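The primary structure of each chain is shown beneath.
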Amino acid sequence: TESKHRRRGGDLKTRSTELGSAVTGSPLTPVLPASTTGKKSIVLSSETRKELAKQAKVTKEERRAQIDERYKYLISRLADGIGLSEQQVEEAIISDDKFPLIEQFFAPSGLKKLLFFYQDVLQQKSNLSLRSDESTKSLLQKKLFITMGSTENITGTCAFFLRTSDKVITASNASQEVNFGVFDCTNGNILQGLEFFLSQIMVPALKSQQNWGAVKEGLKNSQIQDFLYSVDKFVGTLSSSRQNIEDKIQLTKVDIDIYISNLQNPSDYITAG
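Residues numbered from 1 in each chain as written. Predicted model: local features only at pLDDT ≥ 70, side-chain atom pairs only at ≥ 80, totals over all residues. Heavy atoms only, no water.

## So, the sheet that holds strand β4 (residues 178-184)
Thinking step 1. Judged by pairing direction, the sheet is antiparallel, and its four strands sit side by side in the order β2-β1-β3-β4 without closing on themselves. Strands at the two margins of the open sheet, each flanked by one partner only, are β2 (140-147) and β4. Strand after strand, the sheet turns through a mean of 15 degrees between neighbouring axes, direction not considered.
Thinking step 2. As paired elements, strand β3 (residues 157-163) and β4 share seven bridges and run antiparallel to each other. When the sheet's bridge partners are listed, Ala159 is paired in β4 with Val182. (Pairing = 2+ DSSP bridges. Helix = DSSP H or I, 4+ residues; strand = E, 2+ residues; numbered from the N terminus. Axes fitted to C-alpha atoms, helices over the stretch in contact; angles between N-to-C directions.)

Laid out in structure tokens, this is it:
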């Protein structure tokens, strides 16, 4: 039996060798030495990285050339709202893959909103390895980036621009046609950020607003008063819900082994119950 296994193994090896010769013209061994193949791969990888870096630099400079007064208005508001310099905001924007969304926001009947997140993100670096004593926190770095708001979780600050009409956004009307705001959602606490935004910014602004468009009576109008009452009620409900969530009951885990170790028969379990 042992000799049969050896012959079958030998036949299999011979067939594999023949198959390799038929496909590559040689036995199933690497066509190039391992060291040569590895070296070639490294060279190609290095060239690819250099080419990508070159293309990225060209793209950034092209985008920088696009920045006009409309972009500068957005950059200025972002810098003030988030606490970065205008140079830092500009660099983040022109480096972002979603940079074209800004032009779509400016276009007539364009995007209704433009969102930016400023929060910790996990940096992806090549040839990066963690030692056993290192934490992933060391890889987190604050980053400002454009988002649609549907793919990334908010864990930091959300800055947003909203259009007030379908007009094309120009350098002369940007400050009138675009509203800006900031949510502080640190640690993903969206409810607290929304509550603060409404109670400390929106509601006071609404209650001090004099011009209500076609409603000539302004704040004296009963419909306006009902609207403000509804907003106040919503903020109160939001605050109550947030507090209930934060003060949720935490059940203590009980070690029941000490209670059931002495239970021997059904009557003991009934008594314990």
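## Observations concerning the pairing of strand β1 (residues 113-122)
Thinking step 1. With seven of ten residues buried, β1 is to be regarded as a mostly interior element.
Thinking step 2. Sheet topology places β1 next to β3; six bridges connect them, and they run antiparallel. When the bridges of β3 are listed, Phe117 appears paired with Cys158.
Thinking step 3. Pairing of β1 with β2, which is carried by eight bridges, proceeds in the antiparallel orientation. In the strand pairing of β2, Leu122 is matched with Leu140. (Buried < 20%, exposed > 50% of the residue type's maximum accessible area, 1.4 Å probe, protein only.)

## Digging into the packing of aromatic side chains
Thinking step 1. Applying the stated criterion across every chain, the model contains nine aromatic pairs.
Thinking step 2. Both rings, one in Phe116 and one in Phe161, keep their centres 6.1 Å apart while their planes meet at 80 degrees; by these two values the pair is edge-to-face. Of the two residues, Phe116 is situated in strand β1 and Phe161 in strand β3; the sequence distance between them amounts to 45 residues.
Thinking step 3. Summarising the aromatic geometry, the rings of Phe160 and Phe197 are spaced 5.7 Å apart at their centres and angled 75 degrees between planes, so their arrangement reads as edge-to-face. Taken together, the residues Phe160 in strand β3 and Phe197 in helix α7 (residues 190-208) connect sequence positions 37 residues apart. Here the two residues Phe160 and Phe197 agree in accessibility, since each one is buried.
Thinking step 4. Counting every residue linked through ring pairs, the aromatic cluster contains Tyr71, Phe99, Phe105 and Phe106.
Thinking step 5. Over the face of the ring belonging to Tyr118 we find Lys142, whose NZ or CZ atom lies 5.3 Å from the ring centre. (Phe/Tyr/Trp six-rings, centres within 6.5 Å; stacked < 30°, edge-to-face > 60°. Lys NZ or Arg CZ within 6 Å of the ring centre and 35° of its normal.)

## Examining the pattern of salt bridges
Thinking step 1. Taken as a whole and assessed by the stated rule, the structure comprises twelve salt bridges.
Thinking step 2. The shortest N-O distance in the salt bridge between Lys167 and Glu177 comes to 3.7 Å. Taken together, the residues span a long stretch of sequence, with Lys167 in the loop between β3 and α6 (174-177) and Glu177 in helix α6 at a distance of ten residues.
Thinking step 3. Residue Glu177 is classed as buried on the basis of its relative accessible area, which comes to 11%. (Salt bridge = Lys/Arg side-chain N within 4 Å of Asp/Glu carboxyl O.)

## A look at a nonpolar patch on the surface
Thinking step 1. Judged by side-chain polarity, Phe196, Ile201 and Met202 come together as a nonpolar surface patch covering roughly 270 Å² of accessible area.
Thinking step 2. Assignment of secondary structure puts Phe196 in helix α7. (Patch = residues over 30% accessible without salt bridge, like charges linked within 9 Å, V, L, I, M, F, W, Y side chains within 5 Å. Areas by Shrake-Rupley, 256 points an atom, 1.4 Å probe, with all protein chains shown as cover.)

## Here we look at the nonpolar core
Thinking step 1. Within the largest apolar cluster, 29 residues are counted, with the highest numbers of intra-cluster contacts made by Leu78, Ile102, Leu114, Phe116 and Phe161.
Thinking step 2. Only α3 (69-82), α4 (86-94), α5 (100-106), β1, β2, β3 and β4 provide two or more residues apiece to this core.
Thinking step 3. It is α3 that provides the largest number of residues to this core, a total of seven residues.
Thinking step 4. If you look at the next biggest cluster of nonpolar residues, it comprises 15 residues, including Leu115, Ile154, Phe183 and Phe197. (Core = buried A, V, L, I, M, F, W, Y, C linked by side-chain atoms within 4.5 Å.)

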